[in-house]
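Here are the chains, one letter per residue:
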Amino acid sequence: MGKVKFSTEYEFPCGIVTLFWDEGEEEECGYEIQLELQKPNGEYEGLGGWSFGYEEWSYRVWDKWGVYINQRITKIKGNQDSLNAFVDELGNIDCCYKLYNEDYRKDDFIEHLKDIEVIQHLILDIKEEAV
């Protein structure tokens, strides 16, 4: 993880879920959103991650995607079943900016910005900014 600009924590029966707005680094993937679970036993589990590079549009999409996830998790209000369903939903959205990272560029299983259009559709009505 690069430089975290902003993070938000949410309490659930499974542990603490943290949403990170990571400003990233060019040699990584640029702007990233990370969702992570800290279990009661102290172990960490990644719940999702999306990266957007440093294009003209990247900052806006990064910011609004984080706001979208924050709004959805806030509405769940600690309901574990709803969180599980949302994490499953997010798991179907694949967005990796692979041009900066040599390992990603070589990986044929990672498609560059595969679901960016899905994200752009979901954030269309997001008005507020997180950072």
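Details of the structure are given in the entry above.
Heads up: these notes are all about the structure in this document.

Procedures and definitions
- Residues numbered from 1 in each chain as written.
- Predicted model: local features only at pLDDT ≥ 70, side-chain atom pairs only at ≥ 80, totals over all residues.
- Heavy atoms only, no water.
- Helix = DSSP H or I, 4+ residues; strand = E, 2+ residues; numbered from the N terminus.
- Contact = heavy atoms within 4.5 Å.
- Core = buried A, V, L, I, M, F, W, Y, C linked by side-chain atoms within 4.5 Å.
- Buried < 20%, exposed > 50% of the residue type's maximum accessible area, 1.4 Å probe, protein only.
- Expected span 1.5 Å × (residues − 1).
- Salt bridge = Lys/Arg side-chain N within 4 Å of Asp/Glu carboxyl O.
- Pairing = 2+ DSSP bridges.
- Axes fitted to C-alpha atoms, helices over the stretch in contact; angles between N-to-C directions.

The topology assignment puts Ile123 in the segment after α4 (116-122). The sequence separation of Ile123 and Arg60 amounts to 63 residues, and the corresponding C-alpha distance is 9.9 Å. Among residues more than four places away in sequence, those in contact with Ile123 are Arg60, Val61, Lys64, Trp65 and Tyr68.

Take the nonpolar core next. Counting residues in hydrophobic clusters, the biggest one holds 32 residues, and the most contacted among them are Trp50, Phe52, Trp65 and Ile69. The biggest single contributor to this core is helix α1 (residues 58-76), with 8 residues. Excluding residues that lie within four positions of it along the chain, Trp65 makes contacts with Ile33, Trp50, Phe52, Leu90, Ile93, Ile119, Leu122 and Ile123.

This brings us to α1. Helix length check: α1, at 19 residues, gives a terminal C-alpha distance of 27 Å against a target of 27 Å (1.5 Å per residue), a fit within 8%. Looking at the residues trailing α1, positive phi occurs at Lys77, about 55°.

Going through the model one piece at a time under the given rule, you end up with 3 salt bridges. Among the ionic pairs, Glu23 bridges to Lys5, the shortest N-O distance being 3.8 Å. Of this pair, Glu23 sits in the loop between β2 (15-22) and β3 (32-38) while Lys5 sits in strand β1 (residues 4-12); the two residues are 18 residues apart in sequence, bridging distant segments of the chain. Judged by relative accessible area, Glu23 falls into the buried class, the value being 18%. For the salt bridge of Arg72 with Glu89, the shortest nitrogen-to-oxygen distance reads 3.0 Å. Taken together, the residues span a long stretch of sequence, with Arg72 in helix α1 and Glu89 in helix α2 (residues 80-91) at a distance of 17 residues. On the basis of relative accessible area, Glu89 is assigned to the partly exposed category, the value being 31%.

Our focus in this paragraph is the sheet that holds β3. Across a sheet, paired strands are connected by hydrogen bonds in the backbone, their directions being either parallel or antiparallel. Strand order across the open sheet formed by 4 strands is β1-β2-β3-β4, with antiparallel pairing between neighbours. Bordering the open sheet on either side are β1 and β4 (44-51), each of which pairs with just one other strand. Strand-to-strand, the axes of this sheet are offset by a mean angle of 15°, without reference to chain direction. Note that β2 and β3 share 7 bridges and pair antiparallel. Pairing of Trp21 across the sheet is with Ile33, part of β3. Its contacts with the sheet put α1 on β1, β2, β3 and β4, and the angle it makes with β2 is roughly 165°.

We note that Lys77 has phi near 55°; this positive angle belongs to a residue other than glycine. Position of Lys77 among the secondary structure elements: in the loop between α1 and α2. Residue classification places Lys77 among the exposed residues on the basis of a relative accessible area of 73%. At Leu113, a position not held by glycine, the phi torsion is positive, near 50°. If you trace the backbone, Leu113 turns up in the loop between α3 (102-106) and α4.

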